[in-house]
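Read off the chains here:
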Amino acid sequence: MKLLLTPLLAGQIKQLYEEMEQAYDFVANQLQLTCTGCSDNCCDSYFQHHTYLEWGYLWQGMNQLPTEQQRLILKKAAAYESRCESAQLRGEIPGVMCPLNESGLCILYGHRLMVCRTHGVPATMIRPDGKILRFPGCFRCQELVDKSYPNRKGIPVVERTSLLQRMVVLEQKFLDGKRHLLPRMKMTIAAMLLAGPPAVPHCSDRPQNEVHSASENSTKAG
Ligand code: SF4
Ligand code: SF4
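Heads up: these notes are all about the structure in this document. All values derive from a computational prediction rather than experimental measurement.

1. Some details on the overall build of the protein
Piece 1. Counting secondary structure elements, the protein contains 8 helices and 5 strands.
Piece 2. Taken from the N to the C terminus, the helices and strands of the protein come in the order α-α-α-β-β-α-β-β-α-β-α-α-α.
Piece 3. By its C-alpha atoms, the protein is 60 × 40 × 40 Å across when sized along the principal axes.
Piece 4. In the protein, 79% of the contacts between residues at least 6 apart in sequence involve partners at least 24 apart.

2. Side note on helix H3 (residues 67-89)
Piece 1. Compared with an ideal rise of 1.5 Å per residue, which puts 23 residues at 33 Å, H3 spans 33 Å between its outermost C-alpha atoms and is within 8% of the ideal.
Piece 2. Of all the residues in H3, the buried ones are Ile73, Ala77 and Tyr80.
Piece 3. Looking at the buried side of H3, the elements it contacts are helix H7 (189-195).
Piece 4. Gly91 lies just past H3 and shows a positive phi near 80°.

3. Observations regarding the site of ligand 1
Piece 1. Around ligand 1, the neighbouring residues are Cys35, Cys38, Asp40, Asn41, Cys42, His119, Gly120, Cys138, Phe139, Arg140 and Cys141.
Piece 2. Looking at side-chain class alone, the shell around ligand 1 contains 6 nonpolar, 3 polar and 2 charged residues.

4. Things to note about the pairing of strand E3 (residues 123-126)
Piece 1. In this structure, E3 lies alongside strand E4 (residues 132-135), joined through 4 bridges in antiparallel fashion. Residue pairing across strands places Ile126 opposite Ile132, the latter belonging to E4.
Piece 2. Linkage of E3 to E4, two consecutive antiparallel strands, is achieved through a turn of 5 residues, within which Gly130 is found at a positive phi near 95°.
Piece 3. Here E3 runs beside strand E5 (residues 158-159); their pairing, made up of 2 bridges, is parallel. Note that in E5 the partner of Ala123 across the bridge is Val158.

5. What about the site of ligand 2?
Piece 1. Near ligand 2 you find Cys43, Cys98, Leu100, Asn101, Cys106, Leu108, Arg112, Leu113, Cys116 and Ile189, and these make up its full shell.
Piece 2. Here the residues of the shell around ligand 2 sort into 8 nonpolar, 1 polar and 1 charged.

6. Overview of the environment of Met125
Piece 1. For Met125, the location among the structural elements is in strand E3.
Piece 2. The exposure class assigned to Met125 is partly exposed, which follows from the 18 C-beta atoms found within 10 Å.
Piece 3. C-alpha separation for the pair Met125 and Arg160, spaced 35 residues apart in sequence, amounts to 5.2 Å.
Piece 4. Ignoring any residue separated from it by four or fewer positions in sequence, one finds Met125 in contact with Leu133, Arg160, Thr161 and Leu164.

7. Describing the sheet that holds E3
Piece 1. Strand order in the open sheet formed by 3 strands is E4-E3-E5, with mixed pairing between adjacent strands. On the outer flanks of this sheet lie E4 and E5, each paired with one strand and no other.

8. What to know about the nonpolar core
Piece 1. One finds Val27, Leu31, Leu58, Val121, Ile189 and Leu193 to be the most contacted residues of the largest nonpolar core, which totals 35 residues.
Piece 2. Going through the elements one at a time, helix H1 (7-31), helix H2 (52-62), H3, helix H4 (114-118), helix H6 (161-175) and H7 are the ones with two or more residues in this core.
Piece 3. Not counting the four nearest positions on each side in its chain, Leu58 is found in contact with Leu108, His111, Leu113, Ile189 and Met192.

9. As for the packing of H1 against H6
Piece 1. At a closest axis distance of 11 Å, the pairing of H1 and H6 adopts a crossing angle of 165°. As the angle between them shows, H1 and H6 are arranged roughly antiparallel. Crossing hand, H1 versus H6: left-handed. Along the contact surface, H1 presents Leu9, Gln12, Ile13, Leu16, Glu19 and Met20, while H6 presents Leu163, Arg166, Met167, Leu170, Lys173 and Phe174.

10. A look at unusual backbone geometry
Piece 1. Of note, the phi angle at Ser103 is positive, near 50°, even though the residue is not glycine.
Piece 2. Within the element layout of this structure, Ser103 appears in the loop between strand E1 (101-102) and strand E2 (105-106).
Piece 3. Given 5 C-beta atoms within 10 Å, Ser103 falls into the exposed group.

What counts as what
Residues numbered from 1 in each chain as written. Chains lettered and ligands numbered in written order. Predicted model: local features only at pLDDT ≥ 70, side-chain atom pairs only at ≥ 80, totals over all residues. Helix = DSSP H or I, 4+ residues; strand = E, 2+ residues; numbered from the N terminus. Contact = placed C-beta atoms within 7 Å. Expected span 1.5 Å × (residues − 1). Buried ≥ 20, exposed ≤ 12 C-beta atoms within 10 Å, placed from the backbone. Near = placed C-beta within 6 Å. Nonpolar A, V, L, I, M, F, W, Y, C, P; charged D, E, K, R; others polar. Pairing = 2+ DSSP bridges. Core = buried A, V, L, I, M, F, W, Y, C linked by C-beta atoms within 7 Å. Axes fitted to C-alpha atoms, helices over the stretch in contact; angles between N-to-C directions. Parallel < 35°, antiparallel > 145°, perpendicular 65-115°, else oblique. Left-handed = near helix turned anticlockwise from the far one by under 90°.

These results come straight from atomic positions and should not be treated as a statement about function.
Structure below.
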């Protein structure tokens, strides 16, 4: 059974993504950070993603592309996964260009994921246990920070906590009480593309312990 991305929910994640972008731009402008002319391209960084909602929204964008273009993207996604697997078998962190990147640009720019929108600038996040995580930003950003803030005071940052909390709320709405039927999400963009839009797996496709726990939960609920 496919997870349903309602127009309301699609509008809410779009709004949240726009706010992430605004927060990013605000900090990037203060630091005068742009990706133009950068020797790196972060679209070859190895990231795994954790929300079914982002997976569903990515597929909303994918479904708007012509069939032939989708076919080519899926071919690139399969090659991506294979190259990542080889790199991991060699004990390396994969550095393979995202299958949605074409000539340096993102084919699904409006549907790109949270990590694509937040990576690069300094950020902080408070974990549920109260621990504060600090992210220094990309190498280019760190060079700018070193130059403009030699005493490390007043460095602008994106505070990610509230943005992530809102994503969690939207994820819960998307899963609509089916969280216990789904495995923990940890997928590359290529894997999300190859798997098709997110769906609740059939009982026979789920690991036995998950089926057992799901049936226990539904017995309790009933
Ligand atoms: S985020 Fe930083 S490292 Fe990545 S492309 Fe932009 S400037 Fe370069
Ligand atoms: S989804 Fe787009 S922005 Fe994100 S890594 Fe892929 S090409 Fe880059």
